[in-house]
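# Structural features, examined
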Amino acid sequence: MDESFTERTEVPQPEPAYALADLLGVPVPDLDAGLPLLWHWAYLLDRPALADLGPDGHPVRGTLPAPPGHGRRRMWAGGRVAALGPLRCGEPATKRTRVLKVTEKHGRSGHLTFVTVGVQVLQGGAVVVDEEQDIVYRDAAVPPAAAQPGAAAKSPDVPAPAVPAGQGEREIAVSPVLLFRFSALTYNAHRIHYDRDYCRDVEGYPGLLTHGPLQALAMAEAARAIGAGTVDVSFAYRLVSPLFDDQGLIVGAVKGTDGRTVTAARDRYGRQTATGTFA
């Protein structure tokens, strides 16, 4: 296998689109016109063997990007995607994936490896989706003190006042079931999204993490609801803060005077977790 390049071809079927619409709580799109922006994430999926998965549920062999080291924590940091044509069900499509760039950095949180993955989806001999995904790998977590024998229990934080969804915003009820079903729909076995004990005891998180792609999809759907296009359009988004399952998810989109549509995701207490721009 060429470890710098992977390719997968299949015929997209309507069923994943129906499932994604139900999961997001949005109407099923007109599939004859093509899938909405980012819905290709439910298609052309890599399906690694169970034996090729690491302790965190991510593949460690035969995958792009390959993990840069044992125990490194993987997070989706953002990306850019351009819809150059309609991706339709019932016609063969090919996904080509390659690593475009790897950057090593050191900061207050330790050693960071930033990987940019390029994805192109082709149908009918033309590129219909051109995408870059930004992935960051962090050092393995030190086991939290509360998980060590004899450690004192940490006092629970006092919750901040809730900020209800305002005009132009929509709340999505985040639950372990939602996160599990999105993981299943996208064939994502990363345990930070469904295994609470693993999140707490191994990676040191206080709760299940809400997927970065799920937040990006929710923002894209908020933009589509106010008229943002799905073809000949680009979307740049960034995950700015972790979002845990008990914090909710509220998304919104606003059309700007410059023709762009600005999107954002936040928790129910007003803390922003993701931003994006349609152009």
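Just above sits the structure.
If you're wondering where the values come from, they're calculated on a predicted model, not measured in any experiment.

### A closer look at the pattern of salt bridges
- All chains considered together, the criterion is met by 15 salt bridges.
- Between Asp258 and Arg260 there is a salt bridge, with its nearest N and O atoms 3.9 Å apart.
- Note on Asp258: relative accessible area 56%, which makes it exposed.
- By relative accessible area, Arg260 is classed as partly exposed at 41%.
- Each member of the salt-bridge network shares a partner with another, and the members are Arg8, Glu10 and Arg47.

### Side note on the packing of aromatic side chains
- In the structure shown here, the tally under the stated rule is 6 aromatic pairs.
- Here Trp41 and Trp76 contribute two aromatic rings whose centre-to-centre distance is 5.5 Å and whose plane-to-plane angle is 70°, an arrangement assigned as edge-to-face. One end of the pair, Trp41, is in the loop between helix H1 (15-24) and strand E2 (73-83); the other, Trp76, is in strand E2, with 35 residues separating them in the sequence.
- Its relative accessible area of 10% is what places Trp41 among the buried residues.
- Consider the rings of Phe235 and Phe278, whose centres lie 4.5 Å apart with planes at 25°: the pair is stacked. With a gap of 43 residues between them, Phe235 in strand E7 (residues 233-239) and Phe278 in strand E10 (residues 272-278) connect regions that are remote in the sequence. A single burial state applies to Phe235 and to Phe278, both of which are buried.
- Counting every residue linked through ring pairs, the aromatic cluster contains Trp41, Trp76, Phe235, Tyr237 and Phe278.
- The cationic tip of Arg47 hangs over the ring face of Tyr187; the distance from NZ or CZ to the ring centre is 5.9 Å.

### Some details on empty space enclosed by the protein
- Using the criterion set out here, one finds 2 cavities of 30 Å³ or more in the structure.
- Roughly 70 Å³ of volume is contained in the largest cavity.
- Forming the boundary of the largest cavity are Leu35, Pro36, Leu37, Leu38, Trp39, His40, Ala83, Gly85, Leu87, Val128, Val129 and Thr230.
- Residues that form the lining of the largest cavity fall into these classes: 9 nonpolar, 3 polar and no charged.

### Some thoughts on the pairing of strand E3 (residues 93-107)
- The sheet contact formed by strand E1 (residues 5-10) and E3 spans 6 bridges and is antiparallel. The partner of Glu10 across the bridge, within E3, is Ala93.
- One ladder, built from 14 bridges, connects E3 with strand E4 (residues 110-123); its direction is antiparallel. Bridge pairing in E4 places Lys101 opposite Thr116.
- Linking two consecutive strands that pair antiparallel, namely E3 and E4, is a turn of 2 residues.

### What about the side chain of Thr261?
- Relative to the helices and strands, Thr261 is located in strand E9 (residues 261-266).
- With residues near it in sequence (within four places) discarded, Thr261 still touches Ala223, Ile226, Ala228, Ala253, Val254, Lys255, Gly276, Thr277 and Phe278.

### Overview of the sheet that holds E3
- Pairing within the open sheet is antiparallel, and its 10 strands lie in the order E1-E3-E4-E5-E2-E7-E10-E9-E8-E6. Looking at the sheet topology across the chains shown, the edges are occupied by E1 and strand E6 (169-172). Averaged over all adjacent pairs, the angle separating strand axes in this sheet is 20°, with direction ignored.
- Note: E9 against E10, 6 bridges, orientation antiparallel. By the bridge assignment, Ala265 is partnered in E10 with Ala274.
- Relative to strand E8 (residues 249-255), helix H4 (residues 212-225) is tilted by about 40°, and along the sheet it contacts E2, E6, E7, E8, E9 and E10.

### Details of unusual backbone geometry
- Omega for the peptide link from Leu64 to Pro65 comes to -5°, which places this bond in the cis form.
- Residue placement: Pro65 occurs in the loop between H1 and E2.
- Its identity as a non-glycine residue notwithstanding, Leu44 has a phi of 55°, on the positive side.
- Summarising the element assignment, Leu44 is placed in the loop between H1 and E2.
- The exposure class of Leu44 is buried, given its relative accessible area of 1%.

Parameters and conventions
Residues numbered from 1 in each chain as written. Predicted model: local features only at pLDDT ≥ 70, side-chain atom pairs only at ≥ 80, totals over all residues. Heavy atoms only, no water. Salt bridge = Lys/Arg side-chain N within 4 Å of Asp/Glu carboxyl O. Buried < 20%, exposed > 50% of the residue type's maximum accessible area, 1.4 Å probe, protein only. Phe/Tyr/Trp six-rings, centres within 6.5 Å; stacked < 30°, edge-to-face > 60°. Helix = DSSP H or I, 4+ residues; strand = E, 2+ residues; numbered from the N terminus. Lys NZ or Arg CZ within 6 Å of the ring centre and 35° of its normal. 1 Å grid on protein atoms, 1.4 Å probe; cavity = no way out; pocket = protein on both sides within 12 Å on 5 of 7 lines; lining within 4 Å. Points joined across faces, edges and corners; volume = space filled by probe spheres on them. Nonpolar A, V, L, I, M, F, W, Y, C, P; charged D, E, K, R; others polar. Pairing = 2+ DSSP bridges. Contact = heavy atoms within 4.5 Å. Axes fitted to C-alpha atoms, helices over the stretch in contact; angles between N-to-C directions.

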